[in-house]
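One-letter residues, chain by chain:
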Amino acid sequence: MENNVVIVESPAKAKTIEKYLGAGYKVLSSYGHIRDLKEKGLGVEIKDDFKPIYEIPEDKQKVVETLKTAVKKADTVWLASDEDREGEAISWHLAEVLHLDPAKTKRIVFHEITKSAIQQAIEHPRTIDLNLVSAQQARRVLDRIVGFELSPVLWRKVRPSLSAGRVQSVAVRLIVEREREITGFQTEASYRVTAVFQVPDADGKPVDVKAELPTRFPDKAAAYRFLEDCAQATFSVQDITMRPLKKVPAAPFTTSTLQQEAARKLNFTVAQTMRIAQNLYESGLISYMRTDSVNLSNEAINGSRATISELMGDRYVKTRHYTTKAKGAQEAHEAIRPTAMGRNAIQGSAQEQRLYELIWKRTIASQMADAEVEKTIVTIGISGKTETFAAVGEVVKFDGFLRVYRESYDDDTLSDDESSLLPPMKQGQSLAYKSIEATERFTQAPLRYTEASLVRKMEELGIGRPSTYAPTISTIQKRGYVEKGNKTGTERAFEVLTLKKGLVKEATKKETIGNEKGKLLPTDIGLVVNDFLTAYFPNIMDYHFTADMEQQLDEVAEGKKGWTKIIKTFYQDFHPEVETAINTRGEHRVGERVLGTDPVSGKQVTAKIGRFGPAVQIGTADDAEKPRFATLTKGLSIETITLDEALELFKLPRTLGDYENKVVVVGIGRFGPYVRHDGKFVAIPKGADPMAISLEEATELILAHRQAEAAKVIREFDEEPELSIRNGRYGAYIAYKGANYKIPKGTDPASLDCAATLEIVKQQGEKPAKPAARKPRKTAAKK
């Protein structure tokens, strides 16, 4: 029997594929990439035409050895990694590292993990597509060069340990610019007029009909005059327009639309959606989940038609063929869809079931008939006035695809599918008003980005590709440039004028505005890094430049361009910008903002990014005395903090009182706010205000900290006070004279006495004590 080895990139995928292949096939996993750019150094030979320097990571050595052993015995090796550029590169690296014989190596791809798809792939193998490999290499090399050269500039100019990425930096810019747009937004007031008319229904019973004035009044006086005129006016039906409308279903899911809709309907993060979709794909339940195509296979269309006809009848069937308009879309790929359209539910976790149901409904709806709606617009005239009210009614005559699926929107006001039916009216009919109301309304600032709306914006601008959206959004949050958070709303007063029974009454009401949840907010670090990169690296931060680079990478994938030429052209402009930025000296440190003068000391007060984050400083390095620092508390930003708010921070440390005859103090240090008692420091939880914490609350924190510390100690020895056995992150260990020692496997830590513990220390060789944690701080202060 022929010996076949199939290599895929994930164990879950291997398990599913093995079920469909018969005897003679062994399916192994490479666990992702088996090699990558060299970790130390740039990993790219700039002078050798940007040649990548690859290495096999230590954690992949064993995997490589296993694969080498397996392929030596194989008659044929099938490389079955994913069909995108990343998957193609995985196959190429496998062929290179395992020294596969091209005559015995076959590349297979499939859009879904089903028996028929895999059998068809094996019947139609191909060779590795080197154009796709080149496109992946180009992106990897480009991103490594940008990160490697930009990061040291940020270390020197902004703060140590920062890093920058090509697409990530542009994503941060989008969020920063939106935040500033909101901060600088000036609201404009106007008056919206609505009316309620009493109209008899078919049975003669009076019902309320709501109508609105299409135009708005610029101020209160104009709105008031209009209501006074309405008090003396008569109202009649001027015109009735009825027109049929059709609502069309949305196309099947691409990667970006799935991420957006899962965020809106299921409240999933972008990364969470991709992780669950990956599980569904590897279990053979959906087609490949990284795609920019809305195309459906004939098999999927036929399956949808049969399912719709069976569940809802032939009237609900309408076959549709979608084409993709996105930049760089590849029609050879398919939309994300179930592998079996007749399967409307699955076994699995609750999250997997919910995401699968969403994909099934969207796919089925895309092949269903239009919804038929009848829209009625009644124009209501006002005697002696040119303005008219409009009452709008909408009734669904045939639900079509709406029976299964309604698309969501980021702004709820964009979607209004609620049907309303107007009572029968005729032209010239007199109407009596019940009330007419003029409400002060304000123009609204743009909404902050959610993960979903950021994906849509990136796709719209052509920044990134389906495989990069989720990692980009995760990376900018991990690096601390952006955080997902809530914005507490502020209270605002607004005027309401109401006309009832011929009298106009005024009232002032209140509303909360700007209350947002789960939005992407730029941090102080993000703001400063964005401004610095925008000033010194305009190309890297330019939306069109980034989109154009993506387009060029697409052309490499299509075999229209050579990748090294693109990198060379980019580097010729980029590297001199790095040299200029690193050698430019400014009057102030990047991101530093002078707030004013401290009234007590007469010294300058500044807001800046310090070594440990956003801070305010009294004094300068040139003063005889050392400058004083205070860390910014939650809700404060170096971009908006005032002098008074900065001075308030220097009121810390605060003495709260005594506990156990020892002073309890609240302060802010390099790692945030803390409580100090009896020489010990206890961190104050995130969100707690150190200026408002009470002695009782501080005492609770001290006691909780003691309990946690006590749980860490397994044994202590009176005869050796510096010797103890403790619980650590990776299990039990021995602590002795400031150094740590491993406990041999199979030894019960609790059973060790002092002599046995010292013997273990002796066997491992007594180590020098670790340097005190405060020492580096002292050196930094001297500098």
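Residues numbered from 1 in each chain as written. Predicted model: local features only at pLDDT ≥ 70, side-chain atom pairs only at ≥ 80, totals over all residues. Heavy atoms only, no water.

Engineer: Pulling in residues and values, what's your account of the environment of alanine 300?
Structural biologist: Tracing the backbone through its elements, the reader meets alanine 300 in helix α10 (residues 298-312). Alanine 300 sits in the buried class, given a relative accessible area of 3%. A C-alpha to C-alpha distance of 6.8 Å links alanine 300 and methionine 341, two positions 41 residues apart in sequence. Once you skip the residues sitting within four places of it in the chain, alanine 300 turns out to touch Glu334, Arg337 and Met341. (Helix = DSSP H or I, 4+ residues; strand = E, 2+ residues; numbered from the N terminus. Buried < 20%, exposed > 50% of the residue type's maximum accessible area, 1.4 Å probe, protein only. Contact = heavy atoms within 4.5 Å.)

Engineer: Lay out the nonpolar core with the relevant residues and their values.
Structural biologist: Residues Phe110, Leu355 and Val616 are the most contacted members of the largest nonpolar core, which totals 121 residues. Considering each element in turn, this core owes the most residues, 10 residues, to helix α5 (residues 130-157). Setting aside its immediate chain neighbours within four residues, phenylalanine 110 contacts Lys13, Ile17, Ala80, Glu83, Ala117, Ile118, Ala121 and Tyr281. Ranked by size, the runner-up nonpolar core spans 31 residues in total, among them Ala195, Val237, Ala391 and Val504. (Core = buried A, V, L, I, M, F, W, Y, C linked by side-chain atoms within 4.5 Å.)

Engineer: Got a sec to walk through helix α8 (residues 255-266)? Specific residues and values, please.
Structural biologist: End to end, α8 covers 16 Å across 12 residues, agreeing with the expected 16 Å (1.5 Å per residue, within 8%). Within α8, nine of the 12 residues are buried, which leaves the element mostly enclosed by the surrounding structure. Among the residues making up α8, those that are buried are Thr255, Ser256, Leu258, Gln259, Gln260, Glu261, Ala262, Ala263 and Leu266. Packing partners of the buried residues in α8 comprise α9 (270-282), α11 (350-366), α12 (451-461) and α13 (469-478). Within two residues after α8, asparagine 267 carries a phi angle of roughly 65°, on the positive side. (Expected span 1.5 Å × (residues − 1).)

Engineer: Before we move on, can you summarise the sheet that holds strand β20 (residues 604-610) with the specific residues and values?
Structural biologist: As summarised here, the arrangement of the four strands in space is β19-β20-β21-β22, forming an open sheet in which the pairing is antiparallel. Pairing within the sheet leaves two strands with one partner each, and these edge strands are β19 (593-597) and β22 (628-631). Looking at each pair of strands side by side, their axes are set apart by 25° on average, direction ignored. In the sheet, strand β21 (residues 613-618) pairs with β22 via four bridges, with the strands oriented antiparallel. Note that in β22 the partner of alanine 615 across the bridge is threonine 631. (Pairing = 2+ DSSP bridges. Axes fitted to C-alpha atoms, helices over the stretch in contact; angles between N-to-C directions.)

Engineer: Please provide a residue-by-residue account of the side chain of arginine 107, values included.
Structural biologist: Residue position: arginine 107 is located in strand β8 (residues 105-107). Here leucine 79 takes part through its backbone oxygen, which lies 3.2 Å from a polar atom of the side chain of arginine 107. At 2.9 Å, the side chain of arginine 107 forms a polar contact with the backbone oxygen of aspartate 82. If near-sequence neighbours (up to four positions away) are discounted, arginine 107 is found in contact with Leu79, Ala80, Ser81, Asp82, Glu83, Gly87, Glu88, Ser91, Pro125, Arg126, Thr127 and Ile128. (Polar contact = N/O pair within 3.5 Å; in protein donor to acceptor, adjacent residues only side chain to side chain.)

Engineer: Kindly report on the packing of α5 against helix α14 (residues 524-536), identifying the contributing residues and their values.
Structural biologist: At their nearest, the axes of α5 and α14 sit 12 Å apart, and the two run at 120° to each other. Relative to α14, the crossing made by α5 is right-handed. Contacts between α5 and α14 involve Leu150, Val153, Leu154 and Lys157 from the first element and Val529, Phe532 and Leu533 from the second. In the contact of α5 with α14, the residues fall into six nonpolar, no polar and one charged. (Left-handed = near helix turned anticlockwise from the far one by under 90°. Nonpolar A, V, L, I, M, F, W, Y, C, P; charged D, E, K, R; others polar.)

Engineer: Go over empty space enclosed by the protein, please, and point to the residues and values.
Structural biologist: Under the counting rule described, the total for this entry stands at one cavity of 30 Å³ or more. There is about 30 Å³ of room inside the largest cavity. Around the largest cavity sit Ser169, Val172, Tyr481, Val529, Asn530, Leu533 and Met541, which together line it. Contributions of two or more residues to the lining of the largest cavity are made by α6 (166-183) and α14. Tallying contributions element by element places α14 first for the lining of the largest cavity, with three residues. The class makeup of the residues in the lining of the largest cavity is five nonpolar, two polar and no charged. (1 Å grid on protein atoms, 1.4 Å probe; cavity = no way out; pocket = protein on both sides within 12 Å on 5 of 7 lines; lining within 4 Å. Points joined across faces, edges and corners; volume = space filled by probe spheres on them.)

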